[in-house]
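# Understanding the architecture of this molecule
For reference, the chains in residue letters:
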Amino acid sequence: MKEKIKKIMKKYPVVERYLNILIKRQNIKETRTVKFVKGTHNIIEIDKSAILKCCKFDIIGDKNKIEVNESSSLNNVTFFIRGNSNRIVIGDRVRFSRGGSIWIEDNECEAIIGENTTFEDSHIAVTEPNSKIHIGRDCMFAYDIDLRTGDSHSIIDSRTNERINFAQNINIGNHVWIASHVSILKGVNISDNTVVATRAVVTKSFSENNILIGGLPAKKLKENINWDRHRIYK
């Protein structure tokens, strides 16, 4: 049977080349993706068309779910979960080209990335129960970008002994460009078609569409703008 298949493939070199590509992709998935999962009812669903290289799944907890959807390409991405009933969704045709991490701590947290969104290298941290980071469609993230819903440690009001820095959700709209070295902190909402300038620290929400923001802390710099992935010379 094997000899017959080999003869058929020799007659049709295009088919042979295509099959070899598929086999190579499958081997990359199997040999370079590390999965350390401890707990019960954890689910990792990776679409057959998705490509994962040098990725790591590090999960301790129960009832967590990770979905990597159609034609996504993830390079050197770490999925880190400590807790229960958390959810990570990577939409169709999402790309992490250099690396990154999606870090979740506590219970019932959510990190959702919309279709056609691309990353160079970003750290997405969702901490404290019921926290969420939602990223829309067709966004573009450069490298050395940090998004976090919480501060990881407690700040206490010395007069009341009560904590004052609880986590808050982050929501990034559709078609948003985040330039390099940007930090987006808890409670921030960024609207559609926004550009966030290099080294901005975003500490508050911006409800307007089609604006450029930047600075430390970030403020509106321009309005009535949009952006394109391609360089336009004329």
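Anyway, here's the lowdown on the structure attached to this text.

Attention now moves to the pairing of strand 4 (residues 56-60). Looking along a regular strand, one sees side chains alternate from face to face of the sheet. Relative to strand 4, strand 1 (residues 34-38) runs parallel, the two being bridged by 5 bridges. Its bridge partner being in strand 4, Lys38 is matched across the sheet by Ile60. Alignment of strand 4 against strand 7 (residues 77-82), held across 5 bridges, turns out to be parallel. Within the sheet, the bridge partner assigned to Ile59 lies in strand 7 and is Ile81.

The next subject is the side chain of Thr127. Considering the arrangement of structural elements, one finds Thr127 in strand 11 (residues 118-127). A relative accessible area of 6% means that Thr127 is categorised as buried.

Attention shifts here to the sheet that holds strand 2 (residues 43-46). Sheet architecture is open: 7 strands sit in the order 2-5-8-10-12-16-19, paired in parallel fashion. The open sheet terminates on both sides in strands that have one partner only, identified here as strand 2 and strand 19 (189-190). Of the pairings in the sheet, the one linking strand 2 to strand 5 (residues 65-68) comprises 4 bridges and is parallel in character. Across the sheet, Ile44 pairs through a bridge with Ile66, a residue of strand 5.

Another point: the packing of aromatic side chains. The final tally for this structure, using the stated rule, is 5 aromatic pairs. A ring pair is formed by Phe96 and Phe119, whose centres lie 4.2 Å apart and whose planes are at 10 degrees; its orientation type is stacked. Here Phe96 is found in strand 9 (residues 95-105), whereas its partner Phe119 is found in strand 11, with 23 residues between them in sequence. What makes Phe96 buried here is its relative accessible area of 1%. Grouping aromatic residues by their ring pairs yields a cluster made of Phe96, Phe119 and Phe141. Here the guanidinium or amino end of Lys35 rests over the ring plane of Phe57, the centre of that ring lying 5.9 Å away. Across the ring face of Tyr143, the terminal group of Arg98 is positioned such that the distance to the ring centre comes to 4.8 Å.

Thresholds applied
Residues numbered from 1 in each chain as written. Predicted model: local features only at pLDDT ≥ 70, side-chain atom pairs only at ≥ 80, totals over all residues. Heavy atoms only, no water. Pairing = 2+ DSSP bridges. Helix = DSSP H or I, 4+ residues; strand = E, 2+ residues; numbered from the N terminus. Buried < 20%, exposed > 50% of the residue type's maximum accessible area, 1.4 Å probe, protein only. Phe/Tyr/Trp six-rings, centres within 6.5 Å; stacked < 30°, edge-to-face > 60°. Lys NZ or Arg CZ within 6 Å of the ring centre and 35° of its normal.

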